[in-house]
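# An overview of the molecular structure
Single-letter residue listing:
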Amino acid sequence: MSDSSPLPPVRLHPEAELARDALSTPLLSRAARLARWAGPETRIDAGGGLVEEQLPAAAQVLGLSGDDAAAYASEAWRVAVDTGLVEVVDEEAGTVAAGEDLALLTGGAPHDVLGVWLAALETVLADASVPDLDDLVGAVNPEEGVGEIDLSSLDWDPEAEAEFLDGVLGNLYLLTAGEDGPGQAPVPLPALAASVIVPSDMGEPTNDVLEQVSDAMMRLDDQFRLLEPVGLVVYQPVDEALMADTDEEPASTVDDTDVSRYGMVRLTPLGLYGLRARLLEAGFEAPAVGDLVDKGADALLDGTATFPPTAAQAETEQWLARRESLAAARELLAAARGLDAGAPLRRLRCQQALSLVGDEAEPALREVLDDPELGGLARVWLAERGAFDVPAPSEELVFWLTVDTLAAQLAAEGNSDELRGLVEGLAQQHSGFFAAAWRVDHPATPDVLEAMGRLHPDKKIAKEARKAAFKARSQQGG
């Protein structure tokens, strides 16, 4: 992902609901319980972790048992320290006490709770980027009888590993946020791994690339198991039987009925909130539906210009819900004026927004009937509502509105099938369209005619469009 391109807008759950979700996550709730348990007798080592002798008591406080109980208790303690739920009183003596942030979990605002959860998420993400410690032990010191970490012989780049995980989570965010993605449906682990390994321009993946995808899946399987307890994802792990069966077909060749055995993952609503917060922190433009409700119509029209249709409508509906229809219509129309490159798309978004207001907005539309930029869309709005006494548009206005609409569609969708159909229909219905269109006094006329020449399948008509574009550009002195 590039931080210069806006990401798809997401629909976030209310912060109060997300805060409740955060408090109920296994990891944060365990960290909070240990923070309340911590006292003068609690001892930590030089790294801030609980001393080994106290892990059984911590596990008991958490109601944990079994071989992994101490590890889970240690992880929860580390989160408690990293998030400020526990404070180190005396580093030399190794004593601790409950931290000031512990009170935020019960008495703070939802945003405060989410701030603590985000800190916990960062701790877990850092842990998830580190390989299993057993893999780090490269040699045993025969004199001391302890394992030593041999980083020089280990094929592990901490920065690259963190970037890999960030890339995977970024793609999962895109799949969740985008209107063409699965939304809240789980994503197969093979597809997610392939999204960061297989080049977009590669046809059939090579055996080497397939092996890389398989290795990435195994890494992600471990990482998502770590990320589920903090509430980032819901994860169905890879079937253990597959990892034990060396004769199993490669993950990329399985059919849809078997793909769930290779792991399935989806972002939770809390996870979507968390990843968006991280993306914003990293400098990405990551909009959320509702960001523009308190801003002016100019911000609404510009902000939703690149939104997919459903998200644009949802944002506009929330904006309109806070305003009186007639005043909102007047504000929208004023913001839609202009001859800059973004103006046609602003007017298209304005037209879409006005389709959501009631008949009480009619006076605002009648006020702009003589406006050269807004008169066309005003007539369309009034005609759709069966209004009386709507003056017929001049031919000049019809052509201007046509060019403006095509320019907006071109900006919104590029060379889409819908635009191609619109171009074909215009050329078919109006035999003299290009002879008149090049004279239209609209800044986008040359670009629109060039696009029509590019899109029309009939070579003769396409040539007419290109000639008209040349004339229009000459007329505008470009």
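As a starting point, this report considers the structure included with it. Residues take numbers from 1 onward in each chain, read along the sequence in its written order. For a predicted model such as this one, the threshold for reporting local features is a pLDDT of at least 70, and the threshold for listing and counting side-chain atom pairs is 80 or more; totals across whole chains, interfaces and linings nevertheless cover every residue. Heavy atoms from the whole structure form the basis of all side-chain values; hydrogens and water molecules are not counted.

### Focus on the overall build of the protein chain
Broken down by element type, the protein chain carries 23 helices and 7 strands. For the protein chain, with 478 residues in total, the buried portion stands at 41%. Residue pairs at least 24 apart in sequence account for 65% of intrachain contacts in the protein chain once pairs closer than 6 positions are excluded. When the accessible surface of the protein chain is totalled, it reaches about 24600 Å², and 50% of it is carbon and sulfur. Secondary structure elements follow DSSP: runs of H or I of four or more residues count as helices, runs of E of two or more count as strands, with numbering from the N terminus. Only protein chains enter the area calculation, which uses a 1.4 Å probe; residues under 20% of their type maximum are buried, those over 50% are exposed, and those in between are partly exposed. Residue contacts are defined here by distance: any two heavy atoms, one from each residue, within 4.5 Å place the two residues in contact. In these tables, accessible area is a Shrake-Rupley quantity obtained with a 1.4 Å probe, and a residue counts as shielded only by the protein chains included in the view.

### Regarding the nonpolar core
Grouped together as the largest cluster of nonpolar side chains are 74 residues, with contacts concentrated most on Leu85, Tyr173, Phe224, Leu232 and Val233. Among the elements that make up this core, the one with the highest residue count is helix α6 (residues 110-128) (9 residues). When neighbours within four sequence positions are excluded, leucine 85 is seen to be in contact with Leu28, Ala31, Ala32, Ala35, Ala80, Ala98, Gly99, Asp101, Leu102, Leu105 and Val116. Within the second largest apolar cluster, 27 residues are counted, among which are Leu333, Ala335, Leu354 and Ala378. Joining through side-chain atoms within 4.5 Å is the link that ties buried Ala, Val, Leu, Ile, Met, Phe, Trp, Tyr and Cys residues into a set, and such a set is a nonpolar core.

### Here's the deal with the side chain of threonine 83
Examined against the element boundaries, threonine 83 turns out to sit in the loop between α4 (69-82) and β1 (86-90). On the accessibility criterion, threonine 83 (5% relative accessible area) is buried. N or O atoms within 3.5 Å of each other form a polar contact, as long as, within protein, one can give a hydrogen and the other can take it, and as long as residues adjacent in sequence are counted only when both atoms are side-chain atoms. Within polar-contact distance, the side chain of threonine 83 engages the backbone oxygen of valine 79 at 2.7 Å.

### Some remarks on the packing of aromatic side chains
Ring pairs are drawn from Phe, Tyr and Trp, using the six-membered ring of Trp, whenever the two centres fall within 6.5 Å, and their geometry is named by plane angle: stacked under 30 degrees, edge-to-face over 60, tilted for the rest. If you walk through the whole model with that rule in mind, you get 4 aromatic pairs. Arranged with centres 5.5 Å apart and planes meeting at 45°, the rings of phenylalanine 224 and tyrosine 235 form a pair that is tilted. You can see phenylalanine 224 sitting in helix α10 (residues 207-227) and its partner tyrosine 235 sitting in strand β6 (residues 233-236), a full 11 residues away along the chain. Each member of the pair phenylalanine 224 and tyrosine 235 is classed as buried. Ring-pair connections join several aromatic residues into one group, and the members of that group are Phe399, Phe433 and Phe434. Placement of a charge over a ring requires the Lys NZ or Arg CZ to be within 6 Å of the ring centre, with the centre-to-atom vector within 35 degrees of the ring normal. For arginine 30, the ring lying beneath its charged end belongs to tyrosine 72, and the centroid distance is 5.3 Å. Directly above the ring of phenylalanine 164 sits arginine 219, whose terminal nitrogen or CZ lies 4.0 Å from the centroid.

### Concerning the sheet that holds strand β5 (residues 187-188)
The 3 strands lie next to each other as β5-β7-β6, forming an open sheet whose pairing is antiparallel. The sheet is open, and its two edges are formed by β5 and β6, each paired on a single side. Any two strands with at least two DSSP bridges between them are considered paired. As judged from the 2 bridges shared by β5 and strand β7 (residues 264-267), these two strands associate in the antiparallel manner. Note on β7: the bridge partner recorded for valine 187 is valine 265. α10 rests against β6 and β7 of the sheet, and its axis sits at about 130° to β6. Note on geometry: axes are lines fitted to C-alpha atoms, helical ones only across the stretch in contact, with angles between N-to-C directions running from 0 to 180 degrees.

### Thoughts on the pattern of salt bridges
We define a salt bridge as a side-chain nitrogen of Lys or Arg found within 4 Å of a carboxyl oxygen belonging to Asp or Glu. Per the stated rule, a full pass over the model turns up 18 salt bridges. Put simply, arginine 261 and aspartate 239 hold a salt bridge, and the shortest N to O gap is 3.3 Å. Here arginine 261 is found in the loop between α11 (240-244) and β7, whereas its partner aspartate 239 is found in the loop between β6 and α11, with 22 residues between them in sequence. Across the pair glutamate 367 and arginine 330 runs a salt bridge, and its minimum N-O distance is 2.5 Å. One end of the pair, glutamate 367, is in the loop between α17 (362-366) and α18 (375-384); the other, arginine 330, is in helix α15 (residues 325-336), and 37 residues separate them in sequence. The network of salt bridges with common partners includes Glu122, Asp166 and Arg278.

### Considerations on the environment of alanine 334
Position of alanine 334 relative to the elements: it lies in helix α15. We classify alanine 334 as partly exposed; its relative accessible area is 45%. Separated by 36 residues in sequence, alanine 334 and aspartate 298 place their C-alpha atoms 8.4 Å apart.

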